[in-house]
Amino acid sequence: MGGLVEKKGVNLFTSFAGASLIEEGPGIAGVITEDKGVDKNGKPKDNFTPGYELRAKVTVLAEGPRGSLTKNLVSRFKLDGLNPQAYGIGIKELWDVPAGRIETGFVGHTLGWPLDSSMYGGGWIYGLQQNRVSLGMVVALEYHNPLFDPHEAFQKYKTHPHIRRIIEGGKLIRYGAKTVPYGGWYSMPRPYLDGGLIIGDSGSLLNSQRLKGIHTGIKSGMLAAETIYEALCAGDTSAARLSNYSAKLEASWIKKELWAVRNFHQAFAHGLWSGLVHSAAQFVTGGRGFVDPMRAKPGYQEYSKLNRDGGLVDQSTRFKGDGALTFDRLTDVYHSGTRHEEDQPCHLVVTEPNICVDRCVREYGNPCQYFCPAAVYEMGMEKGAPRLKINFSNCVHCKTCDVADPYQVIEWKVPEGGGGPNYEGM
Ligand code: SF4
């Protein structure tokens, strides 16, 4: 799509990450990109370039799920929706398989296995062109066991006889992971403010039943563009004028589609079986179900469901895979094409490291070592004391740690622009 819009005369500046927003008066007035050429100690290197201040009459936030700018904006300007946002972690692999294993266009969705019935999640199997298969699994981040490893669960998923039959003898091509915003219509933040609009996954526009959000992301971008055009013609980019974007969302098929599944994810708050009953009721009532809205408690966060089953576990016993059908996390990271400049400040900022090496060890057993699908966090011993090592260059930018850390002391910041996974073709 980048190529298409450039042909229309639009300038695209890739490899620049938005590090902060320019706040002015009651709203925003643009973005400041990150400084480039800073070493791991925060000192400027020879190629240091300070961030650019990009001013705009209207700034559109399209950062995907758990965007670092959007997160701060929603909190600072109190834009929260009725329900707190809820997230799942999605893990995906692409495989090339022997001819005849799967039809092009095959679509398969699964629920549950290998997850237990207290968890919410499932997988997909899509037959792509030229004997390529997309396989993946999404798990809600409100599970109980702090040592649960979503990457390992996905690897087990591939050992199901039906999936094994498709991919055995094939070759892993690509790997990726990303959070998905499950909250739906009732978790939508107010998507407009003075000088700003929020679209796509950042605006909670994912269809949580179908796990699809690209179509709503594109449509919301189109509606935002119409709104901005009208606002610029009228010379008024205030929140009152930009609220037309909300009206356009309400009048579009986005509302119709998301309204029908507005309580879908919340239905599974108490596990699979009650979720199936609630979602069946929603199916026949057009999304209303037994309770509408199905509300999470105000301030609810996924990690609040974690059991406090702490303690250090010998990491050498962790799942390694068989190297043919199943893999360890580092092999998968290799297939994500992830690259970061090594000599830069760590973009995963632990604001209170003492909590990690003391309370978190005892209370939760450092779940960051388990929920991260890229082996970024490693708790080890140094001079007889626990120490957290952060292998930030492995990070596949899924944002799970920013959501699932039980003390909320991990902050995902933008790394130097251009770094990260290569998800082309994913
Ligand atoms: Fe995902 Fe955080 Fe691990 Fe990066 S460090 S891969 S954002 S969980």
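Only a predicted model underlies this, so the values are computations on that prediction, with no experimental measurement involved. (Residues numbered from 1 in each chain as written. Predicted model: local features only at pLDDT ≥ 70, side-chain atom pairs only at ≥ 80, totals over all residues. Heavy atoms only, no water.)

Draft legend 1. The side chain of Thr 227, seen in detail. Structurally, Thr 227 is set in helix α5 (residues 214-234). Dropping the residues within four chain positions of it, Thr 227 is found in contact with Arg 241, Leu 242, Asn 244, Tyr 245 and Lys 248. (Helix = DSSP H or I, 4+ residues; strand = E, 2+ residues; numbered from the N terminus. Contact = heavy atoms within 4.5 Å.)

Draft legend 2. Just the site of the ligand, in detail. Neighbouring the ligand are 13 residues; Cys 372, Cys 395, Cys 398, Lys 399 and Cys 401 lie closest to it. For the shell around the ligand, the class distribution of residues is 11 nonpolar, 1 polar and 1 charged. (Near = heavy atom within 4 Å. Nonpolar A, V, L, I, M, F, W, Y, C, P; charged D, E, K, R; others polar.)

Draft legend 3. Just the domain arrangement of the chain, in detail. Splitting the chain by domain gives domain 1 (2-60 + 186-263) and domain 2 (304-412). If you average the C-alpha positions of domain 1 and of domain 2, the two centres end up 30 Å apart. Interface area, domain 1 with domain 2, both sides summed: about 350 Å², of which 46% is carbon and sulfur. For the domain 1 face of the interface with domain 2, the top three residues by lost area are Val 38, Lys 40 and Lys 45, together amounting to 84%. Connecting domain 1 to domain 2 are 1 salt bridge. (Domains from an automatic or database assignment. Buried area = accessible area lost by both parts, 1.4 Å probe. Salt bridge = Lys/Arg side-chain N within 4 Å of Asp/Glu carboxyl O.)

Draft legend 4. Representation of helix α3 (residues 150-157). Among the 8 residues in α3, 6 count as buried, and that is most of the element. Looking at α3, one finds that the buried residues are Pro 150, His 151, Ala 153, Phe 154, Gln 155 and Tyr 157. In this structure Asp 149 caps α3, since a side-chain oxygen of it lies 2.9 Å from the backbone nitrogen of His 151. (Buried < 20%, exposed > 50% of the residue type's maximum accessible area, 1.4 Å probe, protein only. Polar contact = N/O pair within 3.5 Å; in protein donor to acceptor, adjacent residues only side chain to side chain.)

Draft legend 5. Main features of the packing of aromatic side chains. Following the criterion strictly, the structure yields 10 aromatic pairs and no others. The positively charged end of Lys 36 is found above the aromatic ring belonging to Phe 16, 4.9 Å away from the centroid. Note that Lys 255 overlies the ring of Trp 259, its terminal NZ or CZ placed 4.7 Å from the centroid. (Phe/Tyr/Trp six-rings, centres within 6.5 Å; stacked < 30°, edge-to-face > 60°. Lys NZ or Arg CZ within 6 Å of the ring centre and 35° of its normal.)

Draft legend 6. Main features of the environment of Gln 369. Note that Gln 369 resides in helix α13 (residues 368-371). Residue Gln 369 is classed as buried on the basis of its relative accessible area, which comes to 3%. Linking Gln 369 and Leu 388, residues 19 residues apart in sequence, is a C-alpha distance of 9.7 Å. Excluding anything up to four places from it in sequence, Gln 369 contacts Gln 315, Arg 318, Arg 329, Tyr 377, Glu 378 and Met 379.

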